[in-house]
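Spelled out from the first residue to the last, the chains are:
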Amino acid sequence: MGAKEFITNEIEKLNGLISNGINKESNIQLKKELSELIHLLDISNRYQLRKNTMDAILELPDSRTGYSDYRIMIDCESDDPAQWVELRINGNNIRLSEGDIIIRKK
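Here is a short report on the structure shown in this document. Just so it is clear, the structure is predicted and the values come from calculations on it, not from any experiment.

Helices and strands together make up the secondary structure of the chain, namely 2 helices and 8 strands. Its helices and strands in sequence order give the chain the pattern α-α-β-β-β-β-β-β-β-β, from N to C terminus. A compact globule built from 106 residues should have a C-alpha radius of gyration of about 13 Å, whereas the chain, at 21 Å, is more than 25% larger. Taken along the three principal axes of its C-alpha coordinates, the chain extends 65 × 35 × 25 Å. Counting across all 106 residues of the chain, residues that qualify as buried make up 14%. Taking the contacts inside the chain whose residues are at least 6 apart along the sequence as the reference set, 59% of them involve residues at least 24 apart. Accessible area of the chain: about 8500 Å², with a carbon and sulfur share of 52%. Taking the 15 positively charged and 18 negatively charged side chains of the chain as two groups, their mean positions are separated by 6 Å.

Take helix α2 (residues 24–46) next. The terminal C-alpha atoms of α2 lie 33 Å apart, and with 23 residues this matches the ideal 33 Å at 1.5 Å per residue to within 8%. Those residues of α2 not exposed but buried are Asn 27, Leu 34, Ile 38 and Ser 44. In the segment just after α2, Gln 48 is the residue with positive phi, at about 50°.

Taken as a class, soluble globular proteins show a tendency for nonpolar side chains to be buried jointly. Counting residues in hydrophobic clusters, the biggest one holds 5 residues: Ile 7, Ile 11, Leu 14, Leu 34 and Ile 38. Secondary structure elements with two or more residues in this core: α1 (3–19) and α2. It is α1 that provides the largest number of residues to this core, a total of 3 residues. Not counting the four nearest positions on each side in its chain, Leu 14 is found in contact with Asn 27, Leu 30, Lys 31 and Leu 34.

Structurally, the position occupied by Glu 86 is in strand β4 (residues 85–86). Judged by its relative accessible area of 15%, Glu 86 is buried. A distance of 2.8 Å separates a polar atom in the side chain of Glu 86 from a polar atom in the side chain of Arg 95.

Rules behind the numbers
- Residues numbered from 1 in each chain as written.
- Predicted model: local features only at pLDDT ≥ 70, side-chain atom pairs only at ≥ 80, totals over all residues.
- Heavy atoms only, no water.
- Helix = DSSP H or I, 4+ residues; strand = E, 2+ residues; numbered from the N terminus.
- Rg over C-alpha atoms; globule rule 2.2 N^0.38 Å.
- Buried < 20%, exposed > 50% of the residue type's maximum accessible area, 1.4 Å probe, protein only.
- Contact = heavy atoms within 4.5 Å.
- Areas by Shrake-Rupley, 256 points an atom, 1.4 Å probe, with all protein chains shown as cover.
- Lys, Arg positive; Asp, Glu negative; His and termini not counted.
- Charge placed at Lys NZ, Arg CZ, Asp CG, Glu CD.
- Expected span 1.5 Å × (residues − 1).
- Core = buried A, V, L, I, M, F, W, Y, C linked by side-chain atoms within 4.5 Å.
- Polar contact = N/O pair within 3.5 Å; in protein donor to acceptor, adjacent residues only side chain to side chain.

Written out as structure tokens, the structure is:
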């Protein structure tokens with residue numbers, strides 16, 4: 001049994017306790033936390049995020065310029081910013097803001 005199955009079983013047990021009114025508020029909170037863990041496990045599996053595959057988790061700082069976006073540029077093997085192209089994924093430019101995180105993989 002994997003972690004996801006274990007957590008799912010625990011959520012089912014909590015559902016029974018909640019429907020019987022046993023420690024309802026604390027069990028509802030625990031169920032929410034376990035559901036969040038399942039969501040994070042799904043993301044971890046989708047992107048193969050493991051402690052041995054992540055180099056760093058970086059939080060973008062306040063730019064101190066008012067409201068500014070961070071842009072991800074492809075440098076096209078040039079130090080000349082005029083040659084750079086903004087990254088597009090699914091037809092959208094990728095814009096980041098302060099507080100967003102970047103996960104750098106090894």
